[in-house]
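Given next are the chains, with one letter for each unit.
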Amino acid sequence: IALALTSCGSAPKSEKKADAAAPSATSTADLPDTEMMLLDNFEDGMYFYGVGDSWDSWGSHNLGLSADLSTDWKSDGEYSIKCVHEAVGANSSGMATFCCDSPIETDWTGYKTFALDVYNPGETTLSITVQLQCTDTQNVEPGETKTLVFDIKGFKDDNLSDVKRIMLSNMGSDYAVMYFDNLRIFK
C-alpha cells in the first residue's frame, strides 16, 4: 500500500513490445523490440505536479502550472495527464516542468530507451525533453499525437540504478496545454 501511495503510476510490468498496448495510430516512433517496463499510464492515480514557483528560490521562475488526470485524450487505458503552463515572461526560465518525485521503478539498470506518448492540442510547436540527468529535445507540432523515444543508453548503469525524479519539460513555448501517457522504458 505504501508503494501505491508514494510512487509514480501503476505497478511495474515487464513485457515484450508485442504484448504492450499499441501507441496511437498517428505515432511515428520506432520503438525497440525489446523487453519493456511500464512506468506509468495514469490509471492508478496522479503522481506528477507542475513546478511553478516552487523552485523560484533557486533561480528563474518555472512555467509549469498544473498537472491533472484527464480523460480528454489518452493512448493507453482511460487516463492521461493534462499539463498546463503559463506564457514565457521576463523573469521566467522559459521552461515548463512537470515532475514525479517517486518513480515506481528506480532501478533502470540495463534499460536503453525511454518512451512516452504525447498530444499537442495547441497551435505552437512544443519542444519536449525528459530529464533524469539530461536527454535530447524533440518537437511536437500543433495537433500532433506521437510517441517520443529518448535514448538513455549513454547513461552509465550506476546512474540509472537509483532514479529519483522524472521531469517532463516544454522549453520556450508560450502558454500551452499538453497531454502525456504511457511512460515506459525498454532494454
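Residues numbered from 1 in each chain as written. Predicted model: local features only at pLDDT ≥ 70, side-chain atom pairs only at ≥ 80, totals over all residues. Heavy atoms only, no water.

This next bit is on the environment of K74. With respect to the helices, strands and loops of the structure, K74 is situated in the loop between β4 (64-70) and β5 (80-85). Between the C-alpha atom of K74 and that of N41, which follows or precedes it by 33 residues, the distance is 9.1 Å. Contacts of K74, omitting those with residues within four sequence positions, involve Y79, S80 and D181. (Helix = DSSP H or I, 4+ residues; strand = E, 2+ residues; numbered from the N terminus. Contact = heavy atoms within 4.5 Å.)

Right, let's get into the nonpolar core. Counting residues in each nonpolar core, the largest one holds 35 residues, and the members touching the most others are F48, W108, F114, L116 and F180. Mapped onto this core, the elements with two or more residues apiece are β2 (35-40), β5, β6 (95-100), β7 (113-119), β8 (126-131), β10 (145-151), β11 (166-171) and β12 (176-186). Among the elements that take part in this core, β12 stands out by supplying five residues, more than any other. In this view, F114 contacts L39, W108, V130, L148, V149, F150, I152, I166, L183, R184 and I185; residues no more than four positions away in its chain are not counted. One finds L31, M36, A115 and F186 within the second-largest nonpolar core, a separate group that totals five residues. (Core = buried A, V, L, I, M, F, W, Y, C linked by side-chain atoms within 4.5 Å. Buried < 20%, exposed > 50% of the residue type's maximum accessible area, 1.4 Å probe, protein only.)

All told, the structure shown has five aromatic pairs when counted by the stated rule. Taken together, a centroid distance of 5.9 Å and an interplanar angle of 15 degrees make the contact between W108 and F114 stacked. As far as the burial class goes, W108 and F114 line up, both buried. Geometrically, the ring pair formed by Y119 and Y179 is stacked, given 5.8 Å between the ring centres and 25 degrees between the ring planes. Taken together, the residues span a long stretch of sequence, with Y119 in strand β7 and Y179 in strand β12 at a distance of 60 residues. (Phe/Tyr/Trp six-rings, centres within 6.5 Å; stacked < 30°, edge-to-face > 60°.)

A separate point is the side chain of S80. Assignment of secondary structure puts S80 in strand β5. Judged by its relative accessible area of 0%, S80 falls in the buried class. Within the structure, S80 has its side chain in polar contact with the backbone oxygen of W73 (distance 2.6 Å). In contact with S80, not counting residues within four places along its chain, are F42, D68, L69, S70, W73, K74, Y179, F180 and D181. (Polar contact = N/O pair within 3.5 Å; in protein donor to acceptor, adjacent residues only side chain to side chain.)

Next up on the list: the confidence of the model for the protein chain. A residue-level look at the protein chain finds 79% of positions with pLDDT of 70 or above and a mean pLDDT of 79. With pLDDT under 50 throughout, residues 1-7 is counted as low confidence; its partners more than four residues away or in other chains account for eight contacts. Counted against residues more than four places away or in other chains, residues 10-28, with its pLDDT under 50, gives 45 contacts. (pLDDT = per-residue confidence, 0-100.)

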